[in-house]
Amino acid sequence: MAAHKPLRALIIGAGKIAAGYDAPDSKEILTHAHGFKAVPGFSLIGFVDRDLAQAEQAAAKWGGKAYEDIQAAFADGPVDVVSVATPDETHAAVLKELAAYSPRLVFCEKPLALSWMDAQAIHELYRHLPTKIQVNYLRRFVPEFRAVKQAITAGDYGRFLSGAGFYVKGFLHNGSHMVDLLQYWLGEAADIQKLVGGKSDAVQHEKENHVADAEQSVLLTFADGGLFTIQSLAGNPYWIFELDLLFEQKRLRILDSGLAMQEYTLGENPVFPGTLEMQPQPIYTTGLDRAMQYAMENIRDHLILGEPLLCPLGEALATLKTGLLHS
């Protein structure tokens, strides 16, 4: 890539996903800060947080300055890219405030908003602005997940038949990752039905300073008739995010939040002649632990080279719409 003036990046929020999950010398790239620092072409100018002390700690760790509010950060010079890494219930308000400053791109944590009315208002507002929005459904940025999409589109898996997945901690907060991945691979769901189970009231995320949306278990029906059950583990007994998808020609398991995958291929059952079965292939690892690097590379390449965004506003809205039907 030819030399280009660094893109000035600002992070709103200074918590775990913004700056806390990793460190500058970590092998994993788990935070917005590490993503900006690891990818050539960005200059991290600092952090905005209502808790100035937290912003100062993040700036001391990753570089840049600490700001009490968005206005102060933009008064300090032009900003090209803004990461919104604040609690879920604040995303809509922050995006509306950012619209007045027209950065080139906003990279927002999911979900975009907690109501369809707010999501539509954001879409209408930004439709008239030059600012692009990308949403962090992080598996879209990982090469192995993108390769699966290409293989499904090419027909290598055959028709999708059925599947199931498990998640915890809020249908919009974490369950929407599963909805988004399924729609990314299989197309938009034709129908969604709420199932019995899960918590019906909002709950506080453990050790996090925001209120979660309700947990739900749902059944998605896709255009070709394939069914997928998304099941929440009420009460968050332990962390899990796993999927099992059955196609005509292959079976695909997403393990350990997506850090590993396993394919099964169709073959003859060695015990019962004339019977076909799905035979397991070796488990392989993915680049999920570097998803932020891939996301920032996509943002840079979009702004400098015109490459398409991998999770643009329109597709994130489709995910949110599906999720809000029964959240």
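### As for helix H3 (residues 52–62)
All buried positions along H3 are accounted for by Ala55, Ala58, Ala59 and Trp62. Across the axial projection of H3, the buried residues extend over an arc of 100°, all falling on one side. In this structure, H3 carries Gln57 and Ala60 as exposed residues pointing more than 90 degrees from its buried face. Where H3 is buried, its residues contact helix H1 (16–20), helix H2 (32–38), strand S2 (42–48) and strand S3 (65–67).

### Points about the confidence of the model for the protein
Residue-level pLDDT values for the protein average 92, and 93% of them are 70 or greater. Low pLDDT, under 50, characterises residues 198–212; the predicted model gives this stretch 36 contacts beyond four residues in sequence or across chains.

### Thoughts on the nonpolar core
The biggest cluster of nonpolar side chains holds 62 residues, and the ones touching the most others in it are Leu10, Phe42, Phe47, Leu95, Leu98, Leu112 and Ile133. Residue contacts for leucine 112: discarding those within four places in its chain leaves His91, Ala92, Leu95, Ile122, Ile133, Val135, Leu313, Leu317 and Leu320. Of all hydrophobic cores here, the second largest spans 31 residues; its members include Phe145, Ile152, Tyr167 and Trp185.

### Concerning a negative patch on the surface
A contiguous patch of negative charge on the surface is contributed by Asp51, Glu56, Glu68, Asp69 and Glu97. Assignment of secondary structure puts aspartate 51 in the loop between S2 and H3.

### A few points about the pairing of strand S12 (residues 250–255)
On a regular strand, each side chain points to the face opposite its neighbour's, so the side chains alternate between the two faces of the sheet. The pairing of strand S11 (residues 242–247) with S12 spans four bridges and is antiparallel. Bridging from a neighbouring strand, leucine 243 pairs with isoleucine 254 of S12. Between S11 and S12, which pair antiparallel in sequence order, lie two residues. Sheet analysis places S12 next to strand S13 (residues 260–268), joined by six bridges and oriented antiparallel. Residue pairing across strands places arginine 251 opposite tyrosine 264, the latter belonging to S13. Taking the residues that link successive antiparallel strands as the turn, the S12-S13 hairpin has four residues, and the phi of aspartate 256 there is positive, at about 50°.

### Observations concerning the sheet that holds strand S5 (residues 105–108)
Taken in spatial order, the six strands line up as S3-S2-S1-S4-S5-S6 in an open sheet, and their pairing is parallel. The sheet is open, and its two edges are formed by S3 and strand S6 (132–135), each paired on a single side. Strand-to-strand, the axes of this sheet are offset by a mean angle of 25°, without reference to chain direction. Taken together, the four bridges between strand S1 (residues 7–12) and strand S4 (residues 81–84) define a ladder with parallel strand orientation.

Cut-offs and rules
- Residues numbered from 1 in each chain as written.
- Predicted model: local features only at pLDDT ≥ 70, side-chain atom pairs only at ≥ 80, totals over all residues.
- Heavy atoms only, no water.
- Buried < 20%, exposed > 50% of the residue type's maximum accessible area, 1.4 Å probe, protein only.
- Helix = DSSP H or I, 4+ residues; strand = E, 2+ residues; numbered from the N terminus.
- Arc of directions from axis to C-beta.
- Contact = heavy atoms within 4.5 Å.
- pLDDT = per-residue confidence, 0-100.
- Core = buried A, V, L, I, M, F, W, Y, C linked by side-chain atoms within 4.5 Å.
- Patch = residues over 30% accessible without salt bridge, like charges linked within 9 Å, V, L, I, M, F, W, Y side chains within 5 Å.
- Areas by Shrake-Rupley, 256 points an atom, 1.4 Å probe, with all protein chains shown as cover.
- Salt bridge = Lys/Arg side-chain N within 4 Å of Asp/Glu carboxyl O.
- Lys, Arg positive; Asp, Glu negative; His and termini not counted.
- Charge placed at Lys NZ, Arg CZ, Asp CG, Glu CD.
- Pairing = 2+ DSSP bridges.
- Axes fitted to C-alpha atoms, helices over the stretch in contact; angles between N-to-C directions.

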